[in-house]
Amino acid sequence: MLKKTQLITAAMLFSTTIAVSQMKVRDELPDKYKWDLSPLYATDDVWKEEKARVQQKMKQVASYKGKLTQSASVLLEALNLNSALIKDMVRLSSYASMKSDQDTRVTKYAGMKQELQQLFAEFGALASFMEPELLTLQEDQLNTFIAQEKSLSAYQFYIKDLLRKRAHRGSEEVEKIMAYSSLMSGNAANIFSTFSNAEFPYPDIDLKGERVKLNSANFSLYRASEDRDVRSKVFAAYFGKLNEFQRTFGAQLYGNINAALFATKARNYNSTLERALDDGNIPTAVFHNLVKNVNGNLETFHRYLNLRKRMMGVDTLHYYDLYAPLVDKVDLEYTVEEAVGNILQSLKPLGTPYTDVSKKAFNERWIDMYPNEGKRSGAYSNGSAYDVHPYILMNYNGKYNDMSTLTHELGHTMHSYLTNKKQHFANADYSIFVAEVASTLNEELLNDYMLKQIKDDKVRLAILGNYLEGAKGTLFRQTQFAEFESMIHDKVAKGEALTGEDFDNMYLELTRRYYGHDKNVCIIDDYVKSEWSYIPHFYYNFYVYQYATSFTASTALSEKVLRGTDADRKRYLDFLASGSTKYPVDLLVDAGVDMNTSEPFDLTIAKINKVMAEMESILTKMGK
């Protein structure tokens, strides 16, 4: 079946949430700060009518069974019908998902999401004959068909990629079973999401005489407190409560790994990693080289941690110190309007057409900006509704990091917008491997712009520190997550049963190695063992490594955008509009960066060290 992945890219680790005490009921927020979903469907009733229409129309797919390779015209008709149905179902899914995210407590929209899961499974079963039939095509026959029907060229990359994966596709009966298996394969992730966002009994703690419910929003807020006692107490309480449900979280994650293993064996792959990367034809060496390179450069990471310890003036750095402000009493707070102004100025190197569309996103209610009670944590961009503009979910909290997250998600939105405008729906999706390039490059442009405006040493330290925080969270932390993911998948593949306690022990040992615990670089307290249990990305199956590879790619490309030629910038914008017309590694080569080499990683490490050198110089000048 021709696939269109619903692209929802989440900002890492719920970093943009806000204290529940500041949350409002959704109706109290001004409309201009809430997304307008009516371009998708005017009402829920219209959504239901459209779902019924699609459900009826999908029955037409069966009429093409046994006929796909008879002629070019029949093949084109079938692929057009298939593509149109998927496009409509993705739009239905986007609406239900975003409605649910507005308030996760509303069961109506959770039910609508489930209806769409069933619809996709039903359609997958109806269309299960398509890929087996397409796999009987030979390349010369495909080329002949394309010569006869020029419009088939829109599907050329998809079909050739399918032929490449011939060994991993089965008979019609096997494909039908795989389609129905989707009804179960996402259960672990759904249970995790529901439990974490709607039902988890977050602890109540006393902070300076105030009773605070330590939900994920408040955890994000208070872990960044300037008060070290508050940070310590918050981490211990939050992770301690997670640990009380260690068995439940362990069973959920173990179930998710088994679902991935089932699909891996059914598709004849050697490993869950190989299967996850094969969608984009990405060599597993790219993943393994990332882990190897990061492990080989942990000294750079430890240099950052020692710099943080110096700036904070503490004798011993603890894990609970890692989200605290690097610089005391620096006003790095921005209203939404100030953030928008800075972001638009920073994006000027990408040209007026790029900034004009960005203004539309801000002015035409593409963005759900503030938190409200029950709203989904974190941030994402959803650009999967092909005929409608992308949408952004935020939980804006007025900090520099929130401004950075906003431009990050805008990068995803622009990537989706430009691709949807340029490409046929069949090629409008793009690999997660390249998805984080546009977002992290936007962050690089914002940092560069802000540094040019600010001469004050303390504020420069804060901005430079923000870049290092991004490097820590994106390159080192996400690679640590990727390595953990690789470890647990490998163990299950060998037939080992993993419990919450096993996950705890593996995560704690790995975290201590990355952060130099035994070298007294950063102390990792025992309760940190529970951190894995609240990270949703482990349910995405080898997703997180792409944050790190994208970070290195965007570092290399940002230099070309900022200091290169007009041709360099055009290559980058062409890349954003390329969709899935080539494999992701090849698209990046066209944009100007080769991920088969160590150059992007080496450039990133060099930039991180250059930033640290400037910060160390400023600190010396300030007598610290």
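Small disclaimer: the values here were computed from a predicted structure and weren't measured.

**Comments concerning the pairing of strand β2 (residues 204-207)**
Covered by surrounding structure in β2 are I205 and L207 only, the residues D204 and D206 on the alternate face being uncovered. Of the strand pairs in this sheet, β2 and strand β3 (residues 210-213) are connected by four bridges, and their pairing is antiparallel. When the sheet's bridge partners are listed, D204 is paired in β3 with K213. Counted along the chain from β2 to the antiparallel partner β3, the turn is two residues long, and its residue K208 has a positive phi close to 55°.

**With respect to the packing of aromatic side chains**
Evaluation of the coordinates by the stated rule reveals 45 aromatic pairs. When the ring of F219 is compared with that of Y534, the centres are 6.0 Å apart and the planes differ by 85°; the resulting orientation is edge-to-face. Residue F219 is found in helix α9 (residues 216-222), and its partner Y534 is found in the loop between α20 (500-514) and α21 (545-563); the two are separated by 315 residues along the sequence. Under the relative-accessibility criterion, Y534 is labelled buried at 6%. The cationic tip of R91 hangs over the ring face of Y41; the distance from NZ or CZ to the ring centre is 5.6 Å. The cationic tip of R223 hangs over the ring face of Y323; the distance from NZ or CZ to the ring centre is 3.8 Å.

**Brief notes about the UniProt feature "domain: Peptidase M3A/M3B catalytic" (unreviewed entry) in the protein chain**
Those places that UniProt annotates as "domain: Peptidase M3A/M3B catalytic" (unreviewed entry) correspond, in this numbering, to residues 222-603. For residues 222-603, helix accounts for 62% and strand for 2%, while the C-alpha atoms at its two ends are 34 Å apart.

**A word on the environment of L163**
By secondary structure assignment, the location of L163 is in helix α6 (residues 156-164). Between the C-alpha atom of L163 and that of G313, which follows or precedes it by 150 residues, the distance is 59 Å. L163 has contacts with L134, L135 and L137, leaving out every residue within four places of it along the chain.

**Let's talk about the domain arrangement of the protein chain**
The domains assigned to the protein chain are domain 1 (28-169), domain 2 (187-329 + 457-562 + 594-622) and domain 3 (336-430). Taking only C-alpha atoms into account, the centre of domain 1 sits 24 Å from that of domain 3. On the side of domain 3, 29 residues touch domain 1, which itself brings 25 residues to the contact. For the pair domain 1 and domain 3, the summed buried area comes to about 2400 Å², and 56% of that belongs to carbon and sulfur atoms. It is Y33, W35 and K87 that lose the most area in domain 1 upon contact with domain 3, and together they represent 28% of the buried surface on that side. Between domain 1 and domain 3 we count one salt bridge in total. Seen at the junction of domain 1 and domain 3, the total is 16 residue pairs in polar contact (both at pLDDT 80 or more). Top element by residues in the side of domain 1 that touches domain 3 is helix α2 (residues 72-102). It accounts for nine residues.

The rules behind these values
Residues numbered from 1 in each chain as written. Predicted model: local features only at pLDDT ≥ 70, side-chain atom pairs only at ≥ 80, totals over all residues. Heavy atoms only, no water. Buried < 20%, exposed > 50% of the residue type's maximum accessible area, 1.4 Å probe, protein only. Helix = DSSP H or I, 4+ residues; strand = E, 2+ residues; numbered from the N terminus. Pairing = 2+ DSSP bridges. Phe/Tyr/Trp six-rings, centres within 6.5 Å; stacked < 30°, edge-to-face > 60°. Lys NZ or Arg CZ within 6 Å of the ring centre and 35° of its normal. UniProt positions renumbered as here; feature names shortened; annotations may be inferred. Contact = heavy atoms within 4.5 Å. Domains from an automatic or database assignment. Buried area = accessible area lost by both parts, 1.4 Å probe. Salt bridge = Lys/Arg side-chain N within 4 Å of Asp/Glu carboxyl O. Polar contact = N/O pair within 3.5 Å; in protein donor to acceptor, adjacent residues only side chain to side chain.

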